[in-house]
Each structure stands twice: as structure tokens, then as C-alpha cells.
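Remarks on the overall topology
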Amino acid sequence: PEYLNRMNQGDFSFAQSSTLPIIGGLFGIQLVHELAHWMMSLVKGNKLFGPPFFLPSLQLGMFGAITPFIDFPKNRKEMFDVSIIGPAVGWVVSLATYIAGLYLTNSSSPEMLASFPVVPASFFHESLVSGIATLVAFPTLMIQPAAMLVPIHPLVAVGAAGILINALNMMP
């Protein structure tokens, strides 16, 4: 596809228009994640200190964020509730983004597909969640040879990265 050919030739002039939506999408998912923490802390009567500090990552864009408490939770249940709600909401939003991207990929014209980034078909087999979502939303992707390059809508990349980032944030 055109995207891969231009990258291989060293033409990155189009990269800004294709990467900024992905970066914006990842920050949007992380913003929803942080807002969920903030809202639950308000419900529980705790205060969070200032804006979150984002942890960068070259592979995923970011690993998440750190937002310290001003008022420490009264017990472990409150701390668990405030802590788990962000990754849980972020994961659901990421999965919805991934599925929306699959539907947009499936409904795109061949001309549009040529401008999308490409991934190997094995990308859709790497996790149970993404495999099931792909099987439901775009079943023909699941039968492609693993090494075949498949164009995807940028929302698929945003959703997949968001699923991984929020899953990592659920680990203690």
C-alpha cells in the first residue's frame, strides 16, 4: 500500500496527518481514564493532587499517568475503587474504539484503504479480546495469512494501544 511505500522511501511528509489522530486518540482515552479516577475520588470524598503526570513510552505512546492523592483514602476498599475505575473505563472506551475502527476499515473504499497504515494479519490473533472483537466486527481478517499486510483505520491502532495500556494499568 501507498503508506508503506512512502515510509520505505523515506517520505515522512504525510506522517503528521496520519500520526496526529493516533496521538490525539491515545490522549483522549487517557483523559477519559483520568476523569474516571477523578470522578470516583469525588464520590468517595478524596482529593487528587493537580493534573496527572503522563509516563511516556516509545512503543505505546504512553504507559499511563500518575496522579497522587491529597487526602489518602479511608480504607483499602476506597483506594481500590478509585484505582480500578480508571483502567476499567479506559479499557471499555479502548475496546469500543477498536471495534469502531474495524467497522470503519471494513466500510472504507479501496482508495481510502491505500492511505491507511498497515499491520500484519497476525496482529489480530495476538490477544483473545482483539481476536473475538475482530471475529465479530470484520471476520474476513481472521482468515488472512499471518504475514499478509492488512490496512487498518487509525482507530484500530488507537484502540489496540489503549487496550494494552489500560490492561497494564490494572496490574498492581
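Look up: the structure comes first, before these words.
In what follows, the accompanying structure is described. Everything numeric in this text was worked out from a predicted model, so none of it was measured.

Conventions used here
- Residues numbered from 1 in each chain as written.
- Predicted model: local features only at pLDDT ≥ 70, side-chain atom pairs only at ≥ 80, totals over all residues.
- Heavy atoms only, no water.
- Axes fitted to C-alpha atoms, helices over the stretch in contact; angles between N-to-C directions.
- Helix = DSSP H or I, 4+ residues; strand = E, 2+ residues; numbered from the N terminus.
- Left-handed = near helix turned anticlockwise from the far one by under 90°.
- Contact = heavy atoms within 4.5 Å.
- 1 Å grid on protein atoms, 1.4 Å probe; cavity = no way out; pocket = protein on both sides within 12 Å on 5 of 7 lines; lining within 4 Å.
- Points joined across faces, edges and corners; volume = space filled by probe spheres on them.
- Nonpolar A, V, L, I, M, F, W, Y, C, P; charged D, E, K, R; others polar.

Look at helix α3 (residues 76-106) against helix α5 (residues 128-137): their axes get within 10 Å of each other, and the N-to-C directions meet at 40°. Crossing of α3 against α5: the hand is right-handed. Contacts from Trp91, Leu95, Tyr98, Ile99, Leu102, Tyr103 and Asn106 in α3 reach Val129, Ser130, Ala133, Thr134, Val136 and Ala137 in α5.

Attention now goes to the layout of surface pockets. Taken as a whole, the largest pocket spans an internal volume of roughly 440 Å³. Looking at the lining of the largest pocket, the elements with two or more residues in it are α2 (15-44), β2 (61-66) and α3. Per element, the largest residue contribution to the lining of the largest pocket is 6 residues, and it comes from α3. For the lining of the largest pocket, the class distribution of residues is 14 nonpolar, 5 polar and 1 charged. Within the residue set of the lining of the second largest pocket, elements represented by two or more residues are α2, β2, β3 (118-120) and α6 (154-169). When grouped by side-chain class, the residues that make up the lining of the second largest pocket number 15 nonpolar, 2 polar and no charged.

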